[in-house]
Amino acid sequence: ADALLESDALAKAADEYRALAYGTPGFAQSDDAALAEVQTRYRIAERAQGEAATGVTLDAIAASRRFAARELAHAQRSRVLLRAAEESFNPRQFDAAIELAGDALRPMPSDPAWVSDAHVLMADSHLASRRFAEAESLYDIALANPAASRFDSVAVMERYATAIYRQGEAARADGERARAAD
């Protein structure tokens, strides 16, 4: 698999890593092979263009799910799941992004940046899905430690304000003026 990777035969390398990780009982480095499959599939996705990009990105997300399901205590598990959540956002798979980011928090990562980033990703997905109350509560959590996140805190604050404003608009449209004023 490594030789295929070095020769830039990425798809074949990813398939070989998967076979080593999941199809070779007793393989001592199956966790390394599973992670290598994930990383290689993302390299493929980064190079892809057009409609093919969506398909190979979904393959990388699937590899991330396989890895996370099997490697519950791996040091890279949260990182892999957050990357998958972020990549799910782009093809507008918001519920998948929420699920993956939530899974990245179980068990709770020790790095506060990962915790904050997971909450931002879930909040952004709820906002994009027009679930404004859920977005607001998750932005509250993420903004509790804005310095920890790799996301621009000003942009996150603007999206937080949007979630609050949209809830007021919805209440006003429903004729609930008192709730709209809150």
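Q: Go over the overall build of the protein with me, naming the residues and quoting the values.
A: Regarding its fold elements, the protein presents ten helices and zero strands. The order of helices and strands in the protein, counted from the N terminus, is α-α-α-α-α-α-α-α-α-α. Considered along the principal axes of its C-alpha atoms, the protein spans approximately 65 × 35 × 25 Å. Looking at the 182 residues of the protein, the share that counts as buried comes to 42%. Restricting to contacts in the protein with at least 6 residues of sequence separation, those with at least 24 account for 51%. Of the roughly 9,800 Å² of accessible surface on the protein, 51% is carried by carbon and sulfur atoms. Counting 21 positive and 29 negative side-chain charges, the protein places the centres of these two groups 3 Å from one another.

Q: Account for the pattern of salt bridges, with residues named and values stated.
A: For side chains bearing opposite charge, pairing can occur when the charged atoms are close. Inspection of every chain in the model, using the stated rule, returns 14 salt bridges. The closest approach of N and O atoms between Arg 83 and Glu 87, which form a salt bridge, is 3.2 Å. Taken together, the residues Arg 83 and Glu 87, both in helix H5 (residues 77–89) and four residues apart, mark about one turn of the helix. Under the relative-accessibility criterion, Glu 87 is labelled buried at 19%. One salt bridge connects Glu 169 with Arg 166, and the closest N-O pair in it is separated by 3.0 Å. Of this pair, Glu 169 and Arg 166 are both found in helix H9 (residues 153–173), three residues apart, which corresponds to roughly one turn of the helix. You can call Glu 169 partly exposed: its relative accessible area is 24%.

Q: Can you explain the environment of Glu 176? Please cite residues and give values.
A: For Glu 176, the location among the structural elements is in the loop between H9 and helix H10 (177–181). For the pair Glu 176 and Glu 16, spaced 160 residues apart in the sequence, the C-alpha separation amounts to 59 Å.

Q: So, the packing of aromatic side chains: which residues are in play, and what are the values?
A: Enumeration over the complete set of coordinates arrives at two aromatic pairs. The lysine or arginine in question, Arg 83, covers the ring of Tyr 42, its NZ or CZ lying 4.0 Å from the ring centre. The ring of Phe 151 has Arg 150 lying over it, and the distance from NZ or CZ to the ring centre is 4.8 Å.

Q: So what about the packing of helix H2 (residues 10–23) against helix H3 (residues 30–47)? Which residues, and what values?
A: It is at 8 Å that the axes of H2 and H3 come closest, and there the two elements cross at 155°. Viewed along their axes, H2 and H3 adopt a mutual orientation that is roughly antiparallel. Handedness of the crossing formed by H2 with H3: left-handed. Here H2 contributes Leu 10, Ala 11, Ala 13, Ala 14, Asp 15, Tyr 17, Arg 18, Leu 20, Ala 21 and Tyr 22 to the contact with H3, which in turn contributes Ser 30, Ala 33, Ala 34, Ala 36, Glu 37, Thr 40, Arg 41, Arg 43, Ile 44 and Arg 47. By residue class, the composition of the contact of H2 with H3 is twelve nonpolar, two polar and six charged.

Q: Break down helix H8 (residues 132–143) for me, citing the residues and quoting the values.
A: The end-to-end C-alpha separation of H8 is 16 Å, in line with the 16 Å expected for twelve residues at 1.5 Å each. Among all positions of H8, only Phe 132, Ala 135, Leu 138, Tyr 139, Ala 142 and Leu 143 are buried. In an axial view of H8, the angular spread of the buried residues amounts to 130°, which keeps them on one side of the axis. Here the buried face of H8 lies against helix H7 (112–128) and H9.

Q: Give a description of the side chain of Ser 30 that names residues and reports values.
A: With respect to the element layout, Ser 30 can be found in helix H3. Those residues in contact with Ser 30 that lie beyond four places of it in its chain are Leu 20, Ala 21 and Arg 70.

Q: Any details on the nonpolar core? Residues and values, ideally.
A: Leu 82, Ala 101 and Tyr 139 are the most contacted members of the largest nonpolar core, which totals 42 residues. Elements that contribute at least two residues to this core include exactly H2, H3, helix H4 (51–70), H5, helix H6 (94–104), H7, H8 and H9. Counting residues per element, this core draws most heavily on H7, at eight residues. The contact partners of Ala 101, leaving out residues within four places of it in the chain, are Leu 82, Ala 85, Ala 118, Leu 121 and Met 122. Counting five residues, the second largest nonpolar core, distinct from the first, contains Leu 10, Ala 14, Ile 44 and Ala 45.

Here is what the cut-offs are and how they apply
Residues numbered from 1 in each chain as written. Predicted model: local features only at pLDDT ≥ 70, side-chain atom pairs only at ≥ 80, totals over all residues. Heavy atoms only, no water. Helix = DSSP H or I, 4+ residues; strand = E, 2+ residues; numbered from the N terminus. Buried < 20%, exposed > 50% of the residue type's maximum accessible area, 1.4 Å probe, protein only. Contact = heavy atoms within 4.5 Å. Areas by Shrake-Rupley, 256 points an atom, 1.4 Å probe, with all protein chains shown as cover. Lys, Arg positive; Asp, Glu negative; His and termini not counted. Charge placed at Lys NZ, Arg CZ, Asp CG, Glu CD. Salt bridge = Lys/Arg side-chain N within 4 Å of Asp/Glu carboxyl O. Phe/Tyr/Trp six-rings, centres within 6.5 Å; stacked < 30°, edge-to-face > 60°. Lys NZ or Arg CZ within 6 Å of the ring centre and 35° of its normal. Axes fitted to C-alpha atoms, helices over the stretch in contact; angles between N-to-C directions. Parallel < 35°, antiparallel > 145°, perpendicular 65-115°, else oblique. Left-handed = near helix turned anticlockwise from the far one by under 90°. Nonpolar A, V, L, I, M, F, W, Y, C, P; charged D, E, K, R; others polar. Expected span 1.5 Å × (residues − 1). Arc of directions from axis to C-beta. Core = buried A, V, L, I, M, F, W, Y, C linked by side-chain atoms within 4.5 Å.

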